[in-house]
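# Residue-level structure breakdown
Letter by letter, the chains look like this.
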Amino acid sequence: MTQIAGQLSDTERRLLTEAILQAPKKPENVIEVGTWLGGGSTLHILRALQRNGAGHLWGVEANRSIYEQMLANIRAAAPEVCDRFTPVFGFSQDVLPQWIKTQKPASTVDFVFLDGGNHPGEQIKEFHLLDRLIPAGGQLMAHDAIVRKGKWLVPYVSLLDNWESHLHSDSSEVGLFHAKKTAGAPSSASLRAARAKLFRMQCSPMEIAAGIMPSPVCGFILNLLPTRFVKFLYHGFK
């Protein structure tokens with residue numbers, strides 16, 4: 001069997017596979033943001049769909065060289081699942097709205113896996129784009145849940161009472177978030193609480209500074225700081 005690189009731990013690959021195989025309703029439409037080289041989430045989602053005998057994956061990747069290598073890897077490692085896969089090149093905030101426009105009005109997204117860029121705002125934007133398409137019973141998983149990438153999405157979704165959430169903080173050093181949608185919309189109170197929490201996180205001095213200062217300036221300052229402190233700021237490690 002051809003081996004290809006992937007970023008998920010063995011535990012995370014198992015949890016991802018089980019979430020698809022054990023879903024009460026077999027996922028039909030699946031969205032993944034951040035395929036990397038294909039050997040982690042992409043390949044395991046596709047093989048789970050193949051075992052189910054149903055479902056199609058759209059995989060979004062924004063790095064051109066990674067995208068091309070991922071395509072070659074999937075074709076070499078699992079040609080039998082390629083008809084269940086549509087690769088999508090581009091940034092999620094650009095390609096997801098276009099993809100949504102091509103879908104029929106009653107279309108749903110039954111399973112979402114988020115593992116794109118490192119800024120926490122990206123996962124929030126992706127969630128807001130796809131949330132209305134996820135039906136009750138649909139699932140959301142997000143990688144890097146206990147580091148910077150997931151620092152807004154995890155608490156936000158956890159406060160919405162139409163999602164049942166679980167944080168697998170010990171699945172790897174970066175963690176995996178898993179949520180199941182229990183109702184079409186949250187209560188007004190839980191939505192207000194989630195929005196207030198998100199606003200407070202977005203208004204933290206560190207986030208404001210990062211948003212104002214040019215990237216080279218941020219990089220210069222980070223290079224002056226102790227490694228342990230940089231990891232705490234950027235990754236969330238303690």
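Reading the values: rules and limits
- Residues numbered from 1 in each chain as written.
- Predicted model: local features only at pLDDT ≥ 70, side-chain atom pairs only at ≥ 80, totals over all residues.
- Heavy atoms only, no water.
- Salt bridge = Lys/Arg side-chain N within 4 Å of Asp/Glu carboxyl O.
- Helix = DSSP H or I, 4+ residues; strand = E, 2+ residues; numbered from the N terminus.
- Buried < 20%, exposed > 50% of the residue type's maximum accessible area, 1.4 Å probe, protein only.
- Expected span 1.5 Å × (residues − 1).
- Arc of directions from axis to C-beta.

All right, on to the pattern of salt bridges then. Per the stated rule, a full pass over the model turns up five salt bridges. The salt bridge involving R14 is made with E18; its shortest N-O contact spans 3.3 Å. Taken together, the residues R14 and E18, both in helix α1 (residues 10-21) and four residues apart, mark about one turn of the helix. E18 gets classed as partly exposed once you look at its relative accessible area, which sits at 28%. For E68, the salt bridge goes to R64, with nearest N and O atoms at 3.1 Å. Of this pair, E68 and R64 both sit in helix α3 (residues 64-77), four residues apart, roughly one helical turn. A residue is classified by how much of its surface remains accessible, and E68, at 40% relative accessible area, is partly exposed. The exposure class assigned to R64 is partly exposed, which follows from its relative accessible area of 43%. Within this structure, D115, D144 and K149 form a network of salt bridges that share partners.

Here the focus is unusual backbone geometry. With a phi close to 50 degrees, W36 is a non-glycine residue in the positive phi region. With respect to the secondary-structure elements, W36 resides in the loop between β1 (29-33) and α2 (41-52). Its identity is not glycine, yet D144 carries a phi of approximately 60 degrees, on the positive side. Position of D144 among the secondary structure elements: in the loop between β5 (139-143) and α6 (153-159).

Okay, helix α7 (residues 188-202) next. Think of an α-helix as 3.6 residues a turn; residues three or four steps apart then line up on the same face. Along its 15 residues, α7 runs 21 Å from first to last C-alpha, staying within 8% of the 21 Å computed at 1.5 Å per residue. The complete set of buried residues in α7 reads S190, A194, L198 and M201. Take α7 and look down its axis: the buried residues cluster within an arc of 70 degrees, on one side only. Away from its buried face, by an angle of more than 90 degrees, α7 presents the exposed residues S188, R192, R195, F199 and R200.

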